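Residues per chain, in single letters:
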Amino acid sequence: MHHLQFAYHLHNDVFSIMSGRSMHSVLVGLVCLALPLLFLVQVLEAPTTIMCLESERQALLQFKQGLVDESNALASWKSKKDCCKWRGIACNNQTGHVTGLNFSFSYDSYFNYSEVPLRGAMSPSLLELPFVNYLDLSYNDFEGIVIPKLIGSLSQLKELKLAHANFSGLVPPQLGNLSNLHTLDLSGNYDASSYENLEWLSHLSSLRYLNMSYLDLSKVVNWPQSLSKLIVLTELQLSQVNLPDVNLRSLSFINSSTSLGTLLILQYFIG
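Residues numbered from 1 in each chain as written. Predicted model: local features only at pLDDT ≥ 70, side-chain atom pairs only at ≥ 80, totals over all residues. Heavy atoms only, no water.

The protein is annotated in an unreviewed UniProt entry as Putative non-specific serine/threonine protein kinase of Rosa chinensis. Note on the protein: under the UniProt heading Subcellular location (unreviewed entry), the record states "Membrane". (UniProt positions renumbered as here; feature names shortened; annotations may be inferred.)

Participant: So what about the pairing of strand E3 (residues 98-102)? Which residues, and what values?
Facilitator: Among the 5 residues of E3, 4 are classified as buried, and the element is accordingly described as predominantly covered. When strand E2 (residues 89-91) meets E3, the two strands line up antiparallel, connected through 3 bridges. When the sheet's bridge partners are listed, cysteine 91 is paired in E3 with valine 98. Here E2 folds back onto E3, and the loop between the two strands holds 6 residues, one of which, glycine 96, carries a positive phi near 85°. The pairing of E3 with strand E5 (residues 134-136) spans 3 bridges and is classified as parallel. In the strand pairing of E5, leucine 101 is matched with leucine 135. (Buried < 20%, exposed > 50% of the residue type's maximum accessible area, 1.4 Å probe, protein only. Helix = DSSP H or I, 4+ residues; strand = E, 2+ residues; numbered from the N terminus. Pairing = 2+ DSSP bridges.)

Participant: With reference to specific residues and values, describe the packing of aromatic side chains.
Facilitator: According to the stated counting rule, one finds 5 aromatic pairs in the structure shown. Arranged with centres 5.6 Å apart and planes meeting at 20°, the rings of phenylalanine 63 and phenylalanine 103 form a pair that is stacked. Placement of phenylalanine 63 in helix H2 (residues 54-65) and of phenylalanine 103 in the loop between E3 and helix H4 (107-112) is noted, with a sequence separation of 40 residues between them. Accessibility expressed as a relative area gives 1% for phenylalanine 63, which makes it buried. Note on phenylalanine 103: relative accessible area 6%, which makes it buried. Taking 5.0 Å as the distance between ring centres and 10° as the angle between the ring planes, the aromatic pair formed by phenylalanine 142 and phenylalanine 167 counts as stacked. In this pair, phenylalanine 142 sits in the loop between E5 and strand E6 (159-161) while phenylalanine 167 sits in the loop between E6 and strand E7 (168-170), placing the two residues 25 residues apart along the sequence. Relative accessible area serves as the criterion here: at 1%, phenylalanine 167 is assigned to the buried category. Through successive ring pairs, a cluster of aromatic residues spans Phe63, Trp77, Trp86 and Phe103. (Phe/Tyr/Trp six-rings, centres within 6.5 Å; stacked < 30°, edge-to-face > 60°.)

Here it is in structure tokens:
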């Protein structure tokens, strides 16, 4: 009887030891399988740093060479290799393409005398940034040069802001090529004017905001017809542009609910 009990206990002890070892082996095996999977998940979930393309970086550096930056506002354009981290530059975080250039001068900086507006010219290297959809050069000083025709070749532009940037001469009709444009601000360029018509505006089928205040439009004829074709326009500012006389009640785009959006601002001096 004692021999049977001893054999029984011995069998249970051996079974327990074997079971413990088997369980330990299973756990070790599972851990060994889980670690590579965990590492793979971490790799897949880790954020990928996309840097700007070298060709676009070089194009920006060429653009900078055409500017006079007296206050060294664009100092980061040398110290950081990734142009997506440069001041005023926005990039697509998936492709690295440059999508925005914001060089608008800050009035706060002006009053603090810590910075002065950029001067100079715009380099054709801008054309090597084909994915730019935002360009803001407002409140800088381009010293009376004509708005470059090349801007009309930036086909992806959605917002173009050149307000109070001291441009002069005729506004290039090539801006009418910007069919994706929804915001156009040319205001405050007192020495700029337009051709005898604004027909080029009629090609901007996506335009929702238009500001041409303080431009000289005194020689423009048939301007209501051109503006009437901007069927999604919601805000129009034409302050002090010296437009030729016209009967406001005859303007179809004012009365039509389909040709003009919800907001219309017409504050102009009729010569």
